[in-house]
Amino acid sequence: MSKVVREFSHSPELKIVVWHTAKATSVGFFAPLLRHLKTWSVHHKCREMSNGKHLATGAVLPSLSDDGKLRLYSMRFCPYAHRIHLVLDAKDIPYHSIYVNLKAKPEWLYDRSPGGTVPAIDLPNESGGAHLYESLVIADYLDEKFPQRPLYPRTPLGKAKERLLIKKFDTVIEVMYKVFMGTHVPGTITEISNRLDFFEKELQARGSDFFGGNVPGMVKWRSLMKEDKAVKASYISGENYAKFMETHRQGVPDYDMLVNVAKKQRTS
């Protein structure tokens, strides 16, 4: 088993998500992967995003102070929205988070993202108060607009190659979601492993801990990422992610699960 696939298989977060998913679907289907999952508990030091409820249809757009901060429209469990949280936090860019319910979307979301998708972002300091949507478009804008801690190589060719890697990794996420949502077919786990082999070869060719060198860049992998401050700022444990995916499969996604847990802890 390759290094990247081993890290994928031994990821505490994935173990928990796969375990909960297996209980909700078919444990037998996951046997080939579960054989590689040896440790079923882990202590996490990273904090989780827990502020702000998800706004639904009919909700009024929050009135925020005119402080010039970017406004990110997000969903707490969306990996593509996480991508922008990571970029913003890595670059220490001040911003407001506005979470939206993707099952009952507020009308004003479509003014910023025609397809009603997240992430989307308000750019109050740009002429005309511009908006952007699509995670890679937003990430590219932020990396060029805010040069501190560059997340892409500075050469056009290097940047183009990183973009290709990111797009290719999106295909891994797509297949993983089939597992999480219970819409997989036999052979899906093998397909994920095969797709990860590509990244194993690329990482070996670069001879570094991260795809971007010695520090995380726009392309990232490995458990070392959890020690990065940007990851700590938006981290969600595998256990909580698995609980959310279970509610999603039941057709009633609990977007505010973390908010409700935090509220209960404060009042107990």
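Summary of the structure given here. In this text, all values refer to a predicted model and were calculated from it rather than measured experimentally.

1. Notes on the pairing of strand β2 (residues 95–99)
Counting buried residues in β2 gives 4 out of 5 residues, a clear majority hidden from the surface. One ladder, built from 5 bridges, connects strand β1 (residues 70–74) with β2; its direction is parallel. Bridge pairing links Tyr73 to Ile98 in β2. Crossover handedness for the path β1 to helix α4 (residues 79–90) to β2: right-handed.

2. Quick word on the sheet that holds β1
Spatially, β2-β1-β3-β4 is the arrangement adopted by the 4 strands of the open sheet, whose pairing is mixed. Lying at the two open borders of the sheet, with one neighbouring strand each, are β2 and β4 (130–133). Averaged over all neighbouring strand pairs, the angle between strand axes comes to 20 degrees, with direction disregarded. In terms of strand pairing, strand β3 (residues 120–123) meets β4 through 4 bridges, oriented antiparallel. Residue Ile121 lies in a different strand from β4, and its bridge partner there is Leu132. Its contacts with the sheet put α4 on β1 and β2, and the angle it makes with β1 is roughly 155 degrees. Contacting β1, β3 and β4, helix α5 (residues 135–145) runs over the sheet at an angle of about 125 degrees to β4.

3. Overview of the nonpolar core
Counting residues in hydrophobic clusters, the biggest one holds 28 residues, and the most contacted among them are Met75, Phe77, Val118, Ile192 and Phe244. When residues of this core are traced back to their parent elements, those giving at least two are α6 (156–180), α7 (188–206), α9 (238–249) and α10 (257–267). Here this core spans two domains, and each of domain 1 (3–32 + 152–235) and domain 2 (46–145) adds at least three residues to it. In terms of nonpolar packing, the next biggest core, distinct from the first, is built from 14 residues, Leu70, Leu72, Leu142 and Leu151 among them.

4. Examining the pattern of salt bridges
As enumerated under the stated definition, the model contains 9 salt bridges in all. The residue Glu126 makes a salt bridge to Lys145 at a minimum N-O spacing of 3.4 Å. Here Glu126 is found in the loop between β3 and β4, whereas its partner Lys145 is found in helix α5, with 19 residues between them in sequence. A relative accessible area of 24% places Glu126 in the partly exposed class. Taking the relative accessible area as the measure of exposure, Lys145 reaches 43% and is therefore partly exposed. Where salt bridges share partners, they join Lys91, Asp143 and Arg154 into one cluster.

5. Some words on the packing of aromatic side chains
Counted according to the given criterion, the structure contains 6 aromatic pairs. Ring centres 4.0 Å apart and planes at 5 degrees place the aromatic pair Phe77 and Phe244 in the stacked group. Taken together, the residues span a long stretch of sequence, with Phe77 in the loop between β1 and α4 and Phe244 in helix α9 at a distance of 167 residues. For Phe77, a relative accessible area of 0% translates into the label buried. The buried category is assigned to Phe244, whose relative accessible area is 2%. With 5.8 Å between their ring centres and 45 degrees between their planes, Phe244 and Tyr255 make a pair best called tilted. Linking Phe244 in helix α9 with Tyr255 in the loop between α9 and α10, this pair joins segments that are 11 residues apart in sequence. As far as the burial class goes, Phe244 and Tyr255 line up, both buried.

6. With respect to α7
The terminal C-alpha atoms of α7, which comprises 19 residues, lie 28 Å apart, in line with the 27 Å expected from a rise of 1.5 Å per residue. Restricting attention to buried positions, one finds in α7 the residues Thr188, Ile189, Ile192, Ser193, Leu196, Phe199, Glu200 and Leu203. Count one or two residues on from α7 and you reach Gly207, which has phi positive near 65 degrees.

What counts and what doesn't
- Throughout, a residue's number is its position along its own chain's written sequence, starting from 1.
- For this predicted model, a pLDDT threshold of at least 70 governs which residues receive local features, and a threshold of 80 or more governs which side-chain atom pairs are given and counted, while totals over whole chains, interfaces and linings are taken from all residues.
- Note that water and hydrogens are dropped before the side-chain values are worked out from all heavy atoms of the structure.
- Three exposure classes are used, based on accessible area relative to the maximum for each residue type with a 1.4 Å probe and protein chains only: buried under 20%, partly exposed in between, and exposed over 50%.
- Starting at the N terminus, helices and strands are each numbered in turn, a helix being any DSSP run of H or I of at least four residues and a strand any DSSP run of E of at least two.
- Only when DSSP finds a minimum of two bridges between them are two strands counted as paired.
- Handedness of a crossover is defined as follows: with both strands directed away from the viewer, a clockwise route from the first strand across the helix to the second makes it right-handed.
- Angular values range over 0 to 180 degrees, each being the angle between N-to-C directions of two axes fitted as lines to C-alpha atoms, with helices fitted over their stretch in contact.
- Contact criterion: two residues are considered in contact whenever any of their non-hydrogen atoms come within 4.5 Å of each other.
- For the purposes of this section, nonpolar cores are sets of buried Ala, Val, Leu, Ile, Met, Phe, Trp, Tyr and Cys residues that join through side-chain atoms within 4.5 Å.
- The start and end points of each domain follow an automatic or database-based domain assignment.
- Only one rule defines a salt bridge in this text: a Lys or Arg side-chain nitrogen within 4 Å of an Asp or Glu carboxyl oxygen.
- Classification of ring pairs rests on two measures: the distance between centres of Phe, Tyr or Trp rings, Trp counted by its six-membered ring, which must be within 6.5 Å, and the angle between planes, read as stacked under 30 degrees, edge-to-face over 60 and tilted in between.
- The length a helix should cover is 1.5 Å for every residue beyond the first.

These values are about where atoms sit, not about what they do.
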